[in-house]
Amino acid sequence: MRIRHAYFVIFAALLAPAVIGCGGATDSLDRKEVTGTITLNGQPLNDGRIQFTPVSAAAGTVAAAEIKDGKYQIPAAAGPVPGEYKVMIFSSGPAPAAVVEAMPGDAPPPPLAPELIPPEYNATSTLKAEVKSSGPNTFDFDVKK
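Owing to the predicted nature of the structure, the values given are computational and were not obtained by experimental measurement.

Caption draft 1: Main features of the environment of Leu 40. As for its placement among the helices and strands, Leu 40 is situated in strand E1 (residues 34-40). Residue class for Leu 40 comes out buried when judged on its relative accessible area of 18%. In sequence terms Leu 40 and Lys 145 are 105 residues apart; their C-alpha atoms lie 7.2 Å from each other. Discounting residues that sit within four places of it in the chain, Leu 40 has contacts with Leu 45, Ile 117, Asp 142, Val 143 and Lys 145.

Caption draft 2: Molecular detail of the nonpolar core. In terms of nonpolar packing, the biggest core is built from 23 residues, with Ile 38, Ile 50, Phe 52, Tyr 72, Ile 89 and Phe 141 touching the most fellow members. Sorting the residues of this core by element identifies E1, strand E3 (47-54), strand E4 (63-68), strand E5 (71-74), strand E6 (83-90), strand E7 (128-131) and strand E8 (141-143) as the ones contributing at least two each. If near-sequence neighbours (up to four positions away) are discounted, Ile 38 is found in contact with Gln 43, Pro 44, Leu 45, Ile 50, Ile 67, Gly 70, Tyr 72, Ile 89, Phe 141 and Val 143.

Caption draft 3: Quick look at the side chain of Lys 32. Tracing the chain through its elements places Lys 32 in the loop between helix H1 (2-20) and E1. Take Lys 32: its relative accessible area is 17%, and that puts it in the buried class. A polar contact is formed between the side chain of Lys 32 and the side chain of Asp 30, at a distance of 3.0 Å. What Lys 32 contacts, discounting residues up to four positions off in sequence, is Ile 74, Pro 75, Ala 76, Gly 79, Pro 80, Pro 82, Val 131, Lys 132, Ser 133 and Asn 137.

Caption draft 4: Here's a closer look at the pairing of E7. Alternating positions in E7 separate cleanly, Ala 129 and Val 131 being buried on one face and Lys 128 and Glu 130 remaining unburied on the opposite face. In the sheet, E6 pairs with E7 via four bridges, with the strands oriented antiparallel. Opposite Gly 83, over in E7, you have Val 131 as the bridge partner.

Caption draft 5: How the structure looks around the packing of aromatic side chains. The tally for this structure, following the rule as stated, stands at three aromatic pairs. Note on Phe 52 and Tyr 72: the rings are 6.2 Å apart at their centroids and 45° apart in plane angle, and the pair reads as tilted. Of this pair, Phe 52 sits in strand E3 while Tyr 72 sits in strand E5, placing them 20 residues apart in sequence. Taken as a pair, Phe 52 and Tyr 72 share a single burial class, namely buried. Arranged with centres 6.5 Å apart and planes meeting at 75°, the rings of Phe 52 and Tyr 85 form a pair that is edge-to-face. Of this pair, Phe 52 sits in strand E3 while Tyr 85 is found in strand E6, placing the two residues 33 residues apart along the sequence.

Caption draft 6: Fine view of the pairing of E1. Counting buried positions along E1 yields five of seven residues, so the element is predominantly enclosed. Pairing of E1 with E5 involves four bridges; the strand directions are antiparallel. Counted as the bridge partner of Val 34 is Ile 74 from E5. As defined by bridge partners, E1 adjoins E8 across three bridges and the pair is classed as parallel. Across the sheet, Leu 40 pairs through a bridge with Val 143, a residue of E8. Strand direction decides the pairing type here: E1 and strand E2 (residues 43-44), joined by two bridges, are antiparallel. Within E2, the residue paired with Thr 39 across the bridge is Pro 44. Turn length for the E1-E2 hairpin, with the two strands adjacent in sequence and antiparallel, is two residues, and the turn residue Asn 41 shows positive phi of about 55°.

So, how was this worked out
Residues numbered from 1 in each chain as written. Predicted model: local features only at pLDDT ≥ 70, side-chain atom pairs only at ≥ 80, totals over all residues. Heavy atoms only, no water. Helix = DSSP H or I, 4+ residues; strand = E, 2+ residues; numbered from the N terminus. Buried < 20%, exposed > 50% of the residue type's maximum accessible area, 1.4 Å probe, protein only. Contact = heavy atoms within 4.5 Å. Core = buried A, V, L, I, M, F, W, Y, C linked by side-chain atoms within 4.5 Å. Polar contact = N/O pair within 3.5 Å; in protein donor to acceptor, adjacent residues only side chain to side chain. Pairing = 2+ DSSP bridges. Phe/Tyr/Trp six-rings, centres within 6.5 Å; stacked < 30°, edge-to-face > 60°.

Below is the structure:
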């Protein structure tokens, strides 16, 4: 359970610069818009997150987006630069009821929501995408549970 929480914290930390940078500031990178659909066993994934991480640390930028009703879009202003990326897909189910007993006077820790997506699509993902300089960068993924 702590591993899933760690992935969420890492994801949030990587996404923070993109969110903070939304105030109109732009950089000189050749960023590209990325769009697509995500299905889980053939059905649109209700909600989740997708992250593009450069395969080579020296050749790319991390980009991420929310998945809603099976679709995601990363606008060019926050998008990845051309190159090869590892793709990770996350989606949490409803949080279970708290079962951990706290010390008297302490609030119990919030329960972690279970990850719905198998690790081969996130923690140990082998999904890849190559962002091109020209043309649409549309990447669709069908996750199998």
